[in-house]
Amino acid sequence: MPNEVRWIRSRIAEARKGHASVIEAVASRMEKLLSGGLSEQPLSLTKLTSIAKALIADMVPTPPKTEPKQ
């Protein structure tokens, strides 16, 4: 495993210790972003907005599915 990936995982794990509300889906998405697109080029406002919306959506709990009443 390259040092860069190890560093990213370490930083995310450390951040999660201080912010227990960050769920695994967000941590996983952040790791992918930091290992790829975010480090390769400047991001447009549109792309940053898209990333922020995706991270916020990951944090919203999925409501339990209910069966329709008959």
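This text gives an overview of the structure that appears in the document.

Rules used throughout
- Residues numbered from 1 in each chain as written.
- Predicted model: local features only at pLDDT ≥ 70, side-chain atom pairs only at ≥ 80, totals over all residues.
- Heavy atoms only, no water.
- Helix = DSSP H or I, 4+ residues; strand = E, 2+ residues; numbered from the N terminus.
- Buried < 20%, exposed > 50% of the residue type's maximum accessible area, 1.4 Å probe, protein only.
- Axes fitted to C-alpha atoms, helices over the stretch in contact; angles between N-to-C directions.
- Parallel < 35°, antiparallel > 145°, perpendicular 65-115°, else oblique.
- Left-handed = near helix turned anticlockwise from the far one by under 90°.
- Contact = heavy atoms within 4.5 Å.
- Nonpolar A, V, L, I, M, F, W, Y, C, P; charged D, E, K, R; others polar.

1. Remarks on the environment of Ser10
Note that Ser10 resides in helix α1 (residues 3-18). A relative accessible area of 37% means that Ser10 is categorised as partly exposed. Along the backbone, Ser10 and Val60 are 50 residues apart, and their C-alpha atoms lie at a distance of 24 Å.

2. Structural notes on the packing of α1 against helix α2 (residues 24-35)
Two quantities define a packed helix pair, namely the angle between the helix axes and the distance between the axes. Here α1 crosses α2 at 150°, and the two axes come no closer than 10 Å. Here α1 lies roughly antiparallel to α2, going by the angle between them. As α1 runs across α2, the sense of the crossing is right-handed. Facing Glu4, Val5, Ile8, Arg9, Ile12 and Arg16 of α1, the residues of α2 in contact are Glu24, Ala27, Met30, Glu31, Leu34 and Ser35. Here the residues of the contact of α1 with α2 sort into six nonpolar, one polar and five charged.

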